[in-house]
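Residue-level listing of the chains:
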Amino acid sequence: MGIIDYSIYGGFESTIFYEEELKTVRAEAPGIFLPKVDVFDEVLDGQELAQITDAQTGEVLSSVKAEEDGILFYRKSEPLVMEHEEIFMIVPKLHR
């Protein structure tokens, strides 16, 4: 009848993923955690995610890089990290 004239958008495709599918990124050295990305950012393989610096000298001890393309699902929020501590979780690209 043409009474309602309203356009809607298609929305988003929902996807279920399991915790086992998340890619965990761990710290390679202890120190101060300086993230360069935020949760829900899209990351690319090899992209720098964070730097870990020495608390006393400020020297960069480690540059943390993404190991594959995906979306950042979790980021550690505290500034101090221990060696091998979980600092990021990435949801791999599901729709290629």
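Data block above holds the structure.
Rules used throughout
- Residues numbered from 1 in each chain as written.
- Predicted model: local features only at pLDDT ≥ 70, side-chain atom pairs only at ≥ 80, totals over all residues.
- Heavy atoms only, no water.
- Helix = DSSP H or I, 4+ residues; strand = E, 2+ residues; numbered from the N terminus.
- Polar contact = N/O pair within 3.5 Å; in protein donor to acceptor, adjacent residues only side chain to side chain.
- Contact = heavy atoms within 4.5 Å.
- Patch = residues over 30% accessible without salt bridge, like charges linked within 9 Å, V, L, I, M, F, W, Y side chains within 5 Å.
- Areas by Shrake-Rupley, 256 points an atom, 1.4 Å probe, with all protein chains shown as cover.
- Salt bridge = Lys/Arg side-chain N within 4 Å of Asp/Glu carboxyl O.
- Lys, Arg positive; Asp, Glu negative; His and termini not counted.
- Charge placed at Lys NZ, Arg CZ, Asp CG, Glu CD.
- Core = buried A, V, L, I, M, F, W, Y, C linked by side-chain atoms within 4.5 Å.
- Buried < 20%, exposed > 50% of the residue type's maximum accessible area, 1.4 Å probe, protein only.
- Pairing = 2+ DSSP bridges.

1. Some words on the side chain of lysine 76
Take lysine 76: it is sitting in the loop between β6 (70-75) and β7 (80-81). Side chain to side chain, lysine 76 and glutamate 85 meet in a polar contact 2.8 Å long. Those residues in contact with lysine 76, other than ones at most four positions away along the chain, are Phe33, Val81, Glu85, Glu86 and Ile87.

2. Looking at a negative patch on the surface
On the surface, Glu28, Asp45, Glu67 and Glu83 cluster together into a patch of negative charge. With respect to the element layout, glutamate 83 can be found in the loop between β7 and β8 (86-92).

3. Brief notes about the nonpolar core
Core analysis: the biggest nonpolar cluster contains 15 residues, and Leu49, Val64, Ile87, Phe88 and Ile90 have the highest contact counts within it. Secondary structure elements with two or more residues in this core: β4 (48-53) and β8.

4. So, the pattern of salt bridges
For the structure on display, the rule yields 4 salt bridges. Its salt-bridge partner being glutamate 78, residue lysine 76 comes within 3.2 Å of it at the nearest N-O pair. The buried category is assigned to lysine 76, whose relative accessible area is 6%. With a closest N to O distance of 2.8 Å, glutamate 85 and lysine 76 form a salt bridge. The structure contains a network of salt bridges with shared partners spanning Lys76, Glu78 and Glu85.

5. Concerning the sheet that holds strand β1 (residues 23-26)
Backbone hydrogen bonds are what pair the strands of a sheet, in a parallel or an antiparallel way. With respect to topology, 4 strands assemble into an open sheet ordered β1-β8-β6-β3, the strand pairing being antiparallel. For this open sheet the edge positions go to β1 and β3 (42-43), each flanked by a neighbour on one side alone. As defined by bridge partners, β1 adjoins β8 across 4 bridges and the pair is classed as antiparallel. Pairing of valine 25 across the sheet is with phenylalanine 88, part of β8.

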